[in-house]
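# Structural overview for review
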Amino acid sequence: MAKEVTERFTTALEMLAEHAEIETSLADPGVHNDPNRARQLSKRYSQLGPIVAGYRAWHAAEDDLTAARELAVEDQSFASELPALEEFAAAAATKLEELLLPRDVNDDRDVIIEVKAGAGGDESALFAGDLLRMYMRYAERQGWKTELIDATESDLGGYKDVSVAVKAKGVAEPGRAPFARLKFEGGVHRVQRVPETESAGRIHTSAAGVLILPEADEVDVELNMNDVRVDVYRSSGPGGQSVNTTDSAVRLTHVPTGIVVSCQNEKSQLQNKESALRILRARLLSAAQEAQDELDAAQRKSQVRTVDRSERIRTYNYPENRLSDHRINFKSNNLESVLDGDLEPVIQALIDADKAARFIMNCSQKNIPLVFLHDVTGFMVGSKSENGG
């Protein structure tokens, strides 16, 4: 096995050693006396599993290729097997490169989804409600739990803004946690349709904004309550008996950053404060990570462009029954199914496009040829379509 090839996967060898060390730790009954420690180790062990399997598959392929080359020196009949073995070993190496791509640090987290009505008045609020239902139905299909944290309803039944927590049940498989699947849903969503309030049958365009926040644990964010101004006020809008009768609504202002969070959905001031703190922690975590991302922005822009989570991302065209994701030219002519939670095709297309872009960047930095990119990984950057759209 060539020295340069072995050095190429030095990181994988380190991860194999870590995997073995964690396996030994998990076999120690004493470790399980600390549930948090045991949970962290189990999660990391699960993350490393695919890399260990990929390394072993590549190593076995390289061993088979080396043995066949040695045998071919003495018996030419073995030479005919070399091209297939070489291709298989290269494919295994490409797969391992993909597995070794840096993961998003938040991929194992649960999320808080915020949907806010934008341009379009009542129609935008109705569309925000449609988006919320779409994500709730998708979460249901994934077996996740959802929890309404806060909502401000509009007069016609939609939402001016709404926040929902989405949680995996137990420890999710790598790449299957809520943030890993939903992280590219953040941005401006546009709808084209005839509003319920339109009597002349004209098509209107309106929009709603979606924010996907990785949910932060208390240990993830150092929040000094001396930096938080707490204001209480009476709830407003449609609601139950507690609305407009008590000062149950809470507004938190994080003075150092200027981040403001308001909650009024619960009946008690304490419950609304706890809900607001959950959202505030998530926003602070997201803001800190965005600041770090900005430090690396120049390098990313000089390389292959990955999926951007902050731009206008998608159009829902009702008259043509079409969904279009503008970042990767994804089109699907089953809008009704998508709005009923059938989001997996577009979500997977976005994940594949981002993975491909990062794969190309990684190979470019390491001067690794991209011979097998499309055939082996099964994705390409820039174009993904379903139903012939």
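Residues numbered from 1 in each chain as written. Predicted model: local features only at pLDDT ≥ 70, side-chain atom pairs only at ≥ 80, totals over all residues. Heavy atoms only, no water.

## So, the layout of surface pockets
Regions of empty space are outlined by a rolling probe, equal in size to a water molecule, passed over the atoms. Looking at the second largest pocket, its volume works out to about 940 Å³. Around the second largest pocket, the lining is made up of 30 residues, and of these Gln40, Lys43, Asp108, Arg109 and Asp217 lie nearest the centre. Ranked by residue count, the leading element in the lining of the second largest pocket is helix H3 (residues 35-74), at eight residues. (1 Å grid on protein atoms, 1.4 Å probe; cavity = no way out; pocket = protein on both sides within 12 Å on 5 of 7 lines; lining within 4 Å. Points joined across faces, edges and corners; volume = space filled by probe spheres on them. Helix = DSSP H or I, 4+ residues; strand = E, 2+ residues; numbered from the N terminus.)

## Section: the sheet that holds strand S1 (residues 111-117)
If you trace the eight strands from one edge of the open sheet to the other, you get S2-S3-S1-S5-S4-S9-S10-S11, paired in mixed fashion. Two strands in the sheet have a free side with no partner beyond their single neighbour: strand S2 (145-153) and strand S11 (330-332). Neighbour to neighbour, the strand axes of the sheet diverge by 15° on average, direction disregarded. Inspection of the sheet shows strand S4 (residues 187-193) paired to strand S5 (residues 204-214) by seven bridges, in the antiparallel sense. Residue pairing for S5: valine 191 is matched across the bridge by serine 206. (Pairing = 2+ DSSP bridges. Axes fitted to C-alpha atoms, helices over the stretch in contact; angles between N-to-C directions.)

## Comments concerning the sheet that holds strand S8 (residues 259-263)
Spatially, three strands are ordered S6-S7-S8 in an open sheet, and the strand pairing comes out antiparallel. Sheet topology places strand S6 (228-233) and S8 at the edges, where each strand pairs with a single neighbour. Strand after strand, the sheet turns through a mean of 15° between neighbouring axes, direction not considered.

## Some words on the environment of glycine 258
Take glycine 258: it is sitting in the loop between strand S7 (249-254) and S8. The class of glycine 258 is partly exposed, set by a relative accessible area of 45%. Residues glycine 258 and valine 228 lie 30 residues apart in sequence; the distance between their C-alpha atoms is 9.7 Å. (Buried < 20%, exposed > 50% of the residue type's maximum accessible area, 1.4 Å probe, protein only.)

## What to know about the nonpolar core
Counting residues in hydrophobic clusters, the biggest one holds 39 residues, and the most contacted among them are Ile113, Leu131, Met134, Tyr135, Leu182, Tyr316 and Leu343. For this core, the secondary-structure elements that each account for two or more residues are S1, helix H5 (121-142), strand S3 (159-167), helix H6 (178-182), S5, helix H9 (335-339) and helix H10 (344-365). Element by element, the count of residues in this core is highest for H5, at eight residues. If sequence neighbours within four positions are ignored, leucine 182 has contacts with Val111, Ile113, Tyr135, Tyr138, Trp144, Ile212 and Ile347. Counting 22 residues, the second-largest nonpolar core is a separate cluster that includes Ala12, Leu26, Leu82 and Ala93. (Core = buried A, V, L, I, M, F, W, Y, C linked by side-chain atoms within 4.5 Å. Contact = heavy atoms within 4.5 Å.)

## Describing the confidence of the model for the protein
The predicted model of the protein averages 81 in pLDDT, with 81% of residues at 70 or higher. In the predicted structure, residues 298-310 sits below a pLDDT of 50 and forms 27 contacts with residues beyond four places in sequence or in another chain. This model gives residues 371-389 a pLDDT under 50, and the stretch forms 45 contacts once residues within four places in sequence are excluded. (pLDDT = per-residue confidence, 0-100.)

## Quick look at the pairing of S3
Where S1 lies against S3, six bridges are found, and the strand directions are antiparallel. When the sheet's bridge partners are listed, valine 111 is paired in S3 with valine 166. Taking the residues that link successive antiparallel strands as the turn, the S2-S3 hairpin has five residues, and the phi of glycine 157 there is positive, at about 105°.

## Details of H3
With 40 residues, H3 should cover 58 Å at 1.5 Å per step; its first-to-last C-alpha distance of 58 Å lies within 8% of that length. Largest kink in H3: about 30°, centred on leucine 48, with the proline proline 50 one to four residues after it. (Expected span 1.5 Å × (residues − 1). Bend = angle between axes of the 7 residues up to and from the residue.)

## A closer look at the side chain of glutamate 215
Tracing the chain through its elements places glutamate 215 in the loop between S5 and S6. There is a polar contact of 2.9 Å between the side chain of glutamate 215 and the side chain of arginine 278. (Polar contact = N/O pair within 3.5 Å; in protein donor to acceptor, adjacent residues only side chain to side chain.)

## Remarks on unusual backbone geometry
Across residues other than glycine, the phi torsion is negative in most instances, and most of the peptide bonds are trans. A positive phi angle, close to 50°, is found at asparagine 321, a residue other than glycine. The exposure class assigned to asparagine 321 is partly exposed, which follows from its relative accessible area of 33%. For asparagine 329, which is not glycine, the phi dihedral falls at a positive 60°. The topology assignment puts asparagine 329 in the loop between strand S10 (322-325) and S11.

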